[in-house]
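Coordinate analysis (summary)
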Protein chains: 2
Amino acid sequence: MSLNIEDNEVDIVIAALRSDLTAFMEKWRPFFSRFHLIIIKDPDVEEDLQIPPGFDHQVFTKSDMAQILGATSINFTGHSCRYFGYLVSHKKYIISIDDDCLPARDNAGTLVDAVAQHIVNLKTPATPFFFNTLYDPFCKGADFVRGYPFSLRNGVECVLSCGLWLNIADYDAPTQVVKPNDRNVRYVDAVMTVPVRALMPVSGINFGFNRELLGPALLPGLRLAGEGKERWETMEDIWCGLCTKVVCDHLGLGVKSGLPYVWRGDGVDVRGAMDSLKREWEGVKLMEEIVPFFQSVRLPSTAVTAEDCVIEMAAMVKEQLGPLNPVFASAADAMVEWVKLWKAVGSQGA
Amino acid sequence: MSLNIEDNEVDIVIAALRSDLTAFMEKWRPFFSRFHLIIIKDPDVEEDLQIPPGFDHQVFTKSDMAQILGATSINFTGHSCRYFGYLVSHKKYIISIDDDCLPARDNAGTLVDAVAQHIVNLKTPATPFFFNTLYDPFCKGADFVRGYPFSLRNGVECVLSCGLWLNIADYDAPTQVVKPNDRNVRYVDAVMTVPVRALMPVSGINFGFNRELLGPALLPGLRLAGEGKERWETMEDIWCGLCTKVVCDHLGLGVKSGLPYVWRGDGVDVRGAMDSLKREWEGVKLMEEIVPFFQSVRLPSTAVTAEDCVIEMAAMVKEQLGPLNPVFASAADAMVEWVKLWKAVGSQGA
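Residues numbered from 1 in each chain as written. Chains lettered and ligands numbered in written order. Predicted model: local features only at pLDDT ≥ 70, side-chain atom pairs only at ≥ 80, totals over all residues. Heavy atoms only, no water.

Stated precisely, the cut-off is as follows: UniProt positions are given in the numbering used here, feature names are shortened, and annotations may be inferred rather than shown by experiment.
The name given to chain A in an unreviewed UniProt entry is UDP-arabinopyranose mutase, with the source organism recorded as Elaeis guineensis var. tenera. Checking UniProt for chain A, the heading Catalytic activity (unreviewed entry) contains the comment "UDP-beta-L-arabinofuranose = UDP-beta-L-arabinopyranose". Regarding chain A, the UniProt comment filed under Subcellular location (unreviewed entry) reads as follows: "Golgi apparatus".

A closer look at the overall build of chain A
Heads up, the condition is: In this text, helices come from DSSP runs of H or I with a minimum length of four residues, and strands from runs of E with a minimum of two, each type numbered from the N-terminal end. Radius of gyration: C-alpha atoms only; globule rule: 2.2 Å multiplied by the number of residues to the exponent 0.38. The buried label goes to any residue with under 20% of its type's maximum accessible area, the exposed label to any with over 50%, and the partly exposed label to all in between, with areas taken from a 1.4 Å probe on protein chains only. Should any heavy atoms of two residues lie within 4.5 Å, those residues are counted as being in contact. In these tables, accessible area is a Shrake-Rupley quantity obtained with a 1.4 Å probe, and a residue counts as shielded only by the protein chains included in the view.
Along its length, chain A carries 10 helices and nine strands. For 350 residues, the compact-globule formula gives about 20 Å, and the C-alpha radius of gyration of chain A, at 19 Å, lands near that figure. Oriented by its inertia axes, the alpha-carbon framework of chain A measures out at about 55 × 50 × 50 Å. With 350 residues in all, chain A has 62% of them scored as buried. In chain A, 78% of the contacts between residues at least 6 apart in sequence involve partners at least 24 apart. Looking at chain A as shown, the accessible area adds up to about 12600 Å², and 52% of this sits on carbon and sulfur atoms.

Examining the relation of the copies chain A and chain B
Mapping between the two chain copies consists of a rotation about an axis together with a translation along that axis. Put simply, the rule reads: In this comparison the copies share one frame, found by least squares on the C-alpha atoms of residues holding pLDDT of at least 70 in both.
Once chain A has been moved 0.0 Å along the axis and rotated by 180°, it coincides with chain B to within an RMSD of 0.0 Å. Here the copies are linked by what is in effect a two-fold axis. No C-alpha of chain A approaches the rotation axis more nearly than that of Val-188 of chain A, which lies at 2.8 Å. In this assembly the copies share their binding face: 100% of the residues contributing to the interface of chain A also contribute to that of chain B.

Points about helix α4 (residues 114-123) of chain B
Residues and elements named next belong to chain B. In plain terms, the rule: Pairs of N or O atoms within 3.5 Å make up the polar contacts considered here, provided that, within protein, one atom can donate a hydrogen while the other can accept it, and that residues adjacent in sequence are counted only when both atoms are side-chain atoms.
Judged by how many residues are buried, α4 sits mostly within the fold: seven of 10 residues are covered. Within α4 the residues assigned to the buried category are Ala-114, Val-115, His-118, Ile-119, Val-120, Asn-121 and Leu-122. Backbone nitrogen of Val-115 and a side-chain oxygen of the N-cap are separated by 3.2 Å at the start of α4; the cap is Asp-113.

A few points about the pairing of strand β1 (residues 10-16) of chain A
All names here are of chain A. This is how it is decided: Two strands qualify as a pair provided DSSP detects at least 2 bridges between them. Seen with its strands pointing away from the viewer, a crossover is right-handed if its path from the first strand over the helix to the second goes clockwise.
Buried residues dominate β1, accounting for seven of its seven residues. Burial of β1 is two-sided: the residues Val-10, Ile-12, Ile-14 and Ala-16 facing one way and the residues Asp-11, Val-13 and Ala-15 facing the other way are all buried. Inspection of the sheet shows β1 paired to strand β4 (residues 93-97) by four bridges, in the parallel sense. In the sheet register, Asp-11 faces β4, and the bridge partner there is Ile-94. Where β1 and strand β2 (residues 36-41) come together, six bridges link them in parallel fashion. Its bridge partner lying in β2, Ala-15 is registered against Ile-40. On the question of chirality, the crossover connecting β1 to the parallel β2 by way of helix α1 (residues 22-32) is right-handed.

Re the UniProt feature "glycosylation site" (unreviewed entry) in chain A
Per the UniProt record, "glycosylation site" (unreviewed entry) is found at Arg-146 of chain A. As for its placement among the helices and strands, Arg-146 of chain A is situated in the loop between α4 (114-123) and β6 (158-167). By relative accessible area, Arg-146 of chain A is classed as buried at 0%. Looking at Arg-146 of chain A, its side chain comes within polar contact range of the side chain of Asp-170 of chain B, at 2.7 Å.

A few points about the UniProt feature "site: Required for activity" (unreviewed entry) in chain A
UniProt records the feature "site: Required for activity" (unreviewed entry) at Arg-146 and Arg-153 of chain A, using the numbering of this structure. From its side chain, Arg-146 of chain A meets the backbone oxygen of Thr-234 of chain B in a polar contact 3.3 Å long. For Arg-153 of chain A, the position within the fold is in the loop between α4 and β6. When neighbours within four sequence positions are excluded, Arg-153 of chain A is seen to be in contact with Phe-138, Phe-144, Val-145 and Tyr-148 of chain A together with Asp-172 and Thr-175 of chain B. A polar contact is formed between the side chain of Arg-153 of chain A and the backbone oxygen of Tyr-148 of chain A, at a distance of 2.7 Å.

Some remarks on the pairing of β6 of chain A
The side chains of a regular strand alternate, residue by residue, between the two faces of the sheet. All names here are of chain A. Buried residues dominate β6, accounting for 10 of its 10 residues. Two elements, β6 and strand β9 (residues 254-264), share eight bridges in a ladder whose sense is parallel. Bridge pairing in β9 links Asn-167 to Arg-264. Sheet topology places β6 next to strand β8 (residues 206-210); three bridges connect them, and they run antiparallel.

Overview of the side chain of Thr-193 of chain A
Residues and elements named next belong to chain A. Take Thr-193: it is sitting in strand β7 (residues 191-193). Within the structure, the side chain of Thr-193 is placed 3.0 Å from the backbone nitrogen of Thr-127, a separation counted as a polar contact. Leave out the neighbours within four places in its chain, and Thr-193 touches Ala-126, Thr-127, Pro-128, Val-255 and Lys-256.

Thoughts on the interface of chain A and chain B
Rules: The term buried area denotes the loss of accessible surface (1.4 Å probe radius) that occurs when two parts are joined, taken as the sum for both partners.
Taken residue by residue, the interface counts 61 residues in chain A and 61 residues in chain B. Counting each side, the surface lost to burial between chain A and chain B is near 5100 Å², with a carbon and sulfur contribution of 57%. Counting the surface chain A buries against chain B, the share from its top three residues, Phe-131, Arg-146 and Arg-186 of chain A, is 17%. Inspection of the region where chain A meets chain B yields 26 residue pairs in polar contact (both at pLDDT 80 or more). If you list the elements that add at least two residues to the side of chain A that touches chain B, you get β6, α5 (173-178), α7 (236-251), β9 and α8 (273-296) of chain A. If one sorts the elements of the side of chain A that touches chain B by residue count, α8 of chain A sits on top with six residues.

Description of the nonpolar core
To keep things clear, this is the line we draw: The definition of a nonpolar core used throughout is a set of buried Ala, Val, Leu, Ile, Met, Phe, Trp, Tyr and Cys residues joined through side-chain atoms within 4.5 Å.
Core analysis: the largest hydrophobic core is formed by 248 residues, its most contacted members being Trp-239 of chain A together with Trp-239 of chain B. Those residues in contact with Trp-239 of chain A that lie beyond four places of it in its chain are Leu-219, Gly-221, Leu-222, Ile-290, Phe-294, Val-317, Leu-321, Phe-328, Ala-331 and Met-335 of chain A.

A word on the packing of aromatic side chains
The geometry of an aromatic ring pair comes down to the distance between the two centres and the angle between the two planes. All names here are of chain B. Here is the rule we go by: Two aromatic rings from Phe, Tyr or Trp, using only the six-membered ring of Trp, form a pair when their centres are within 6.5 Å; if the ring planes differ by under 30 degrees the pair is stacked, by over 60 it is edge-to-face, and anything between is tilted.
Counted by the stated rule, this structure contains 34 aromatic pairs over all chains. Between Phe-130 and Tyr-148, the ring centres sit 5.2 Å apart and the planes meet at 90°, which makes this aromatic pair edge-to-face. Remark: Tyr-148 occurs in the loop between α4 and β6 (158-167) and Phe-130 occurs in the loop between α4 and β6; sequence separation between them is 18 residues. Seen from their ring centres, Trp-239 and Phe-294 are 5.1 Å apart, and the 80° between their planes marks the pair as edge-to-face. Of the two residues, Trp-239 is situated in helix α7 (residues 236-251) and Phe-294 in helix α8 (residues 273-296); the sequence distance between them amounts to 55 residues.

Quick look at a positive patch on the surface
Selection rule: Within this analysis, patches are made of residues with over 30% relative accessible area and no salt bridge. Like charges are joined at 9 Å or less; nonpolar side chains (Val, Leu, Ile, Met, Phe, Trp, Tyr) at 5 Å or less. Put simply, a salt bridge is a Lys or Arg side-chain nitrogen that is within 4 Å of an Asp or Glu carboxyl oxygen. Only four residue types enter the charge count: Lys and Arg as positive, Asp and Glu as negative, with His and the chain ends excluded. Where a charge lies is defined by one atom per residue type: Lys uses NZ, Arg uses CZ, Asp uses CG and Glu uses CD.
On the surface, a cluster of positive charge is contributed by Arg-197 and Arg-298 of chain A together with Arg-197 and Arg-298 of chain B. Considering the arrangement of structural elements, one finds Arg-197 of chain A in the loop between β7 and β8.

A few points about α1 of chain A
Residues and elements named next belong to chain A. Operational definition: Our arc is simply the arc of the directions from the helix axis toward the C-beta atoms.
All buried positions along α1 are accounted for by Phe-24, Met-25, Trp-28, Phe-31 and Phe-32. All buried residues of α1 fall inside an arc of 95° around its axis, so they share one side. In α1, the exposed positions that point more than 90 degrees away from the buried face belong to Ala-23 and Pro-30. Residues of α1 that are buried in the fold lie against β1, β2, β4, β5 (101-103), α4 and β9.

A closer look at the packing of α7 of chain B against helix α9 (residues 306-321) of chain B
All names here are of chain B. We count it as follows: Fitted lines through C-alpha atoms serve as axes, helices being fitted only where they are in contact, and the angles separating the N-to-C directions of these axes extend from 0 to 180 degrees. Roughly parallel means an angle under 35 degrees; roughly antiparallel, over 145; roughly perpendicular, 65 to 115; everything else is oblique. Helix crossings get a hand from a simple test, with the near helix turned counterclockwise from the far one by less than a right angle marking a left-handed crossing and a clockwise turn marking a right-handed one. Classification convention: Asp, Glu, Lys, Arg as charged; Ala, Val, Leu, Ile, Met, Phe, Trp, Tyr, Cys, Pro as nonpolar; all other residues, Gly among them, as polar.
Where α7 meets α9, the closest approach of the two axes is 10 Å, and the angle between their N-to-C directions is 125°. Looking at the two axes, α7 sits oblique to α9. Considering how the two elements wind past one another, α7 and α9 form a crossing that is right-handed. Of α9, the residues touching α7 (which contributes Trp-239, Cys-243, Val-246, Val-247, His-250 and Leu-251) are Ala-306, Cys-309, Met-313, Val-317 and Leu-321. Taken together, the residues that form the contact of α7 with α9 break down as 10 nonpolar, one polar and no charged.

And the structure:
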């Protein structure tokens, strides 16, 4: 499906956890060059960023963060630096792809335009209230299957598009250790709506979202003690995804998963998974508390925006999860702080 | 994924709506020949069935039905004749494929063994309580994505495997009329668990199920007035699928959708969709009552088997949907009658 994409609707946010972005950006040039890029330099990175010429981009560093945010309790180092980019963007849509991912090839060998696919996913409706066995009915050549209620075929607005990964999939540290040589070679040519009330682990490696409607829910909440720079050492996107899905379900908005794929390879240190197993094991244990909580959260009907929902959820996190582990109390604080920042930075921009 | 499949665990049930099964069975020979086939001749078919030699099969006709069932209010003509096959089988698994479908080819051009794929789907766990973005984690080369709770990775028993269709997809009559030349060419190489509480239109064209656990829920309930022989004129499988999904959700059993594909072509009269539009339109309207009902059904904890669940649901159908349309009252009666037949025929066999 092709849709008219306005360049000025989209910001591409890149979290620079490595200083040399040359290879990354050259490979993405055909798909990134028409859009504005917001590059956030991980505050822990010392070296100057290397960015090839020919991109419409802004770089934000530690000192920009200090100036724009003032004093904040949120830690924007590591993978969490990208969230600063979500704050300073003024665009309707944001696409974010990790700097260790390159364009993938589809089954026909064609390079995949991940940006275009995310935008198509976001601009066509989602259908969370009934499952369509033929996948996304708005894909070219697809439709609703027999028995799909006509009253539900208009769907709802899709606000989150979760892409996937060829080569090195997004596994946790234990799985990486058990299967260090496994590679994801299965290109599943499908997009689907994740049904209402089905929770999922959203990965921040390759995704897009509607910033206007969902931005306040895309937040750096849960931070593990001793969180490292490898993806499997982080939980920020998993927590954020659970918050987001609950918000979408409450507000009647849609989430899709599937295409586009990116190629995840160079720079992913799968051999290092063993070293981070101890740290990530904390995250694995926390999930056993987190999932039942998010499965049971019900938001009041007075919550009518993503901001409202986050504030409500933060209070529930503090009350119900806070006593179990200090990281949850911190997450609740970060959620409240994030909404404050969102309003403050938004009003600065306006 | 390959699993050891015992021939004596599986019956293949074929509803013969046409008399000449030669081409159908020859094409399926490589995959059907090792299994026992139960062929149910549609009572409306006059001519003798033509079945090529070399298959271990039983044919059941109108007179067999009369003898085994005695007087029954259930109408086993047309597509509903297959349900008689579910009654008389004694196997653990049943695979049922419409007689206008042939083996499909995958993206590599290899003929798909639909029976084997259904059995793999049924013998590996389903994961309905949390969505895995990497599709079926039990497929070869796949696993659970980062953030998937370890406590949910064992999954639950999968009891229903819903396959798909290349070439002519399973659309309703209005969609067929709007898009008479559309063909499904997208081979999506995936199997997925349908999440708990997500309802779906199950198609009876190409599916497999665990007869021991789910059999009493696989029933010919809803029958449209003037139901014809084309798939888009029927609702029996859609109704049956909604019942089944509610039963699975209540009992903690799983449903998968996706592979295997079959090739749906010769014999599907897409040009005839216009003629049946008027009849099927009744089904389309009924769905607007049916879906909210099944979305709201909650079964009591005393219902611990598929039979219990069907009896409970039949009472709710009668009470809540019955007053809206006589077809619903008839469906409720058929559900009760079906459970009676299931017990009676089961005890005859034993």
